[in-house]
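Below are the chains, spelled out letter by letter.
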Amino acid sequence: MYRSHTCGQLRTADEGKTVILAGWVQTVRKFGSITFIDLRDRYGITQLLFGEGMNENLNEDSLSREYVLQAEGIVQLRNNKNPQMLTGDIEIKVQRYKILNKSITPPFTIQDDTDGGDDLRMKYRYLDLRRNEVKKNLELRYAVNRSARNYLHENQFIDIETPFLIKSTPEGARDFVVPSRMNAGQFYALPQSPQTFKQLLMVSGYDRYYQIVRCFRDEDLRADRQPEFTQIDCEMSFVEQEDILNMFEGMVKSIFKQVKGVEYSEELPRISWEEAMWVYGSDKPDIRFGMKIANLKSAFKKDGRIIAKGELVNGRGFGIFQQAETILAIAVPGCSEYTRKQLDELTDWVKRPQIGMQGLAYIKCNVDGSFKSSFDKFFGSEDLEAIAEFANAQPGDLVLILAGLEERTRKAISDLRLELGQRLGFRKKEEYKLLWVLDFPLFEYSGEENRWVARHHPFTAPKPDHIGIMIQNDPLIENATDYLNHPYATIKANAYDMVLNGNEIGGGSIRIYQRDLQEKMFTALGMSKEEALHKFGFLLGAFEYGAPPHGGIAFGFDRLCSILGGSESIRDFIAFPKNNSGRDTMLDAPSTIDDKQLKELAIESSAPKS
Ligand code: ASP
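A quick note: this is a predicted structure, and the numbers were derived from the prediction, not measured.

Some remarks on the site of the ligand
1) Next: Near the ligand lie 13 residues; those nearest to it are Gln-195, Lys-198, His-456, His-457 and Arg-511.
2) Next: Contacts to the ligand include Arg-217, whose side-chain N or O atom sits 3.0 Å from an oxygen atom.
3) Next: Coverage of the ligand by the protein chains reaches 89% of its 270 Å² of free accessible surface.
4) Next: Among the elements of the structure, helix 4 (195–203), strand 23 (503–510) and strand 24 (550–556) are those that each provide at least two residues to the shell around the ligand.
5) Next: The element contributing the most residues to the shell around the ligand is strand 24, with three residues.
6) Next: Of the residues that constitute the shell around the ligand, the class distribution is two nonpolar, eight polar and three charged.

In structure tokens, the structure reads:
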């Protein structure tokens, strides 16, 4: 027997028992003739006492950090109890021990506050995984996994695996491809998601499918993405949007209850994409705090006057505001006393290239009822009061105003809102605000490709009332800058995202299930009939054999875990993640392969001949 108990198990009640523990040496502390060793395994740490009355002599010099040790001894109460440790009341008075394996000195200390930097920890990830922090993250991941599975199982979903070696049909991100040895010159692709397979499963009659499945996207890895990531992927037949929202709202609530003990008794708020964009400047709003965006454009008239309480008030005209396509404001609570220096810093912040604004205007709404702004020259106090009111400011607030082109200004004010929310402590990690964002546009215009692209994916159905707009209008656009005036820009989809604390954690849609409509969709996306048949002939064919109405959703499993674990980084919740350049530094992958392998794959070597 290697062990009778784990290193996290023994308590005062076990006093006097003879036990055997096995684990890794965390620390060795020598005091004269006795030595304490903290022994660690997955379950915790137990103190071993060597020296007094041992049957065997301990040669501590032969023992150091990360040795694998087996120790037999008697549980006794400690003189100095450690209330921080679950096993802190007891220790094992060792009688016999055995070194099961040695360890060289690890490249960083394996403890909560490690001295290892990110790169080092990733290179030796198997050691990093011994750390409590990382272990807790993987345990949480498993708890979320189990909770999702339980819920789906109870609701008659069945887990069906779909293939990883599929056909390359890039739409959205780039595919990872795998050369086929048996079909020289041909390639498989790794799935970006099991989208078409789950739809085929609906055609086959498996009306409730799920899979916790790896997906692969060859994207540039900006902020916290992984080339392979995991989705909770689901699909249902004979459902409308409402059925899907209810089912998966239930799943997420049940995960929160089981994993975090957080109960949501109320229905999640739902807002339209349009509203999210106007009120928060983002389709994934963080609603843990207010600071809603006010659209001041309608307040400023062309002749320089402004409207307050529905009436025209004075104003001597401020060119920037009069000419701007959009003027947006947020009222920052309790910040009317910001200093010149603080305001200058914020101005520099919005002028950074990532934000790209020309400047920042402000009104301080002082608690004594007076107003002070960066554009005092142009407006009297009454006007400033009117603008502040438009921005829903209270005495003591600081109104921040950005003006410029619509899309950029919206994005900028949304970023500014989030930044200030963060600085002012409104984005609390332990507060979880979920909501649904609904009614997404079906299409987006890609200036780069000069065509409409599917905002979600090409299998998403237009809202029934909007199908006509798609069928009756030619997708072609004469003048690309004019795309917002094209009828396609008005088409909405039965597509929905679930948002948690400013992150999209899930998204899906009601699907097209008729061949002719799917063909029209491909045409709208600029695909020729031949191309559509070549890429998606299997799906179009399947739709002719009685495809049921269906819809689904997929949740970003890694992201969900990281938010529940209070971390910004999904890497912390993946056992063996890649770095920002898509490399596994532990394996040193990707790597070149030898000429023999290349030859078998009928791929020419690009390596310079030496
Ligand atoms: N397959 C979609 C995605 O990966 C999700 C869905 O529509 O179910 O985003």
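Here the narrative resumes.
Describing the sheet that holds strand 5 (residues 90–101)
1) Next: With respect to topology, five strands assemble into a closed barrel ordered 1-2-3-5-4, the strand pairing being mixed. Each strand axis lies, on average, 55° off the axis of its neighbour in the sheet, ignoring direction.
2) Next: Pairing of strand 3 (residues 44–50) with strand 5, which is carried by two bridges, proceeds in the parallel orientation. Paired with Leu-48 across the two strands is Ile-92, which belongs to strand 5.

Thoughts on the nonpolar core
1) Next: Formed by 39 residues in total, the largest nonpolar core has its most connected members in Leu-152, Ile-232, Phe-248, Met-251, Leu-434, Trp-436 and Phe-555.
2) Next: Ranked by residue count, the leading element in this core is helix 5 (residues 241–260), at eight residues.
3) Next: With residues up to four places along the chain from it excluded, the contact list for Leu-434 reads Val-252, Phe-256, Tyr-264, Leu-268, Pro-269, Ile-287, Met-498, Val-499, Leu-500 and Ile-505.

A short note on the pairing of strand 22 (residues 495–500)
1) Next: In terms of burial, strand 22 is largely enclosed, as six of its six residues are buried.
2) Next: Of the two faces of strand 22, both are covered, the one formed by Ala-495, Asp-497 and Val-499 as well as the one formed by Tyr-496, Met-498 and Leu-500.
3) Next: Where strand 19 (residues 434–438) lies against strand 22, five bridges are found, and the strand directions are antiparallel. Pairing of Leu-438 across the sheet is with Tyr-496, part of strand 22.
4) Next: Taking the residues between adjacent antiparallel strands as the criterion, strand 22 and strand 23 are bridged by two residues, where Asn-501 takes a positive phi near 50°.

Here is what the cut-offs are and how they apply
- Residues numbered from 1 in each chain as written.
- Predicted model: local features only at pLDDT ≥ 70, side-chain atom pairs only at ≥ 80, totals over all residues.
- Heavy atoms only, no water.
- Near = heavy atom within 4 Å.
- Polar contact = N/O pair within 3.5 Å; in protein donor to acceptor, adjacent residues only side chain to side chain.
- Areas by Shrake-Rupley, 256 points an atom, 1.4 Å probe, with all protein chains shown as cover.
- Helix = DSSP H or I, 4+ residues; strand = E, 2+ residues; numbered from the N terminus.
- Nonpolar A, V, L, I, M, F, W, Y, C, P; charged D, E, K, R; others polar.
- Pairing = 2+ DSSP bridges.
- Axes fitted to C-alpha atoms, helices over the stretch in contact; angles between N-to-C directions.
- Core = buried A, V, L, I, M, F, W, Y, C linked by side-chain atoms within 4.5 Å.
- Buried < 20%, exposed > 50% of the residue type's maximum accessible area, 1.4 Å probe, protein only.
- Contact = heavy atoms within 4.5 Å.

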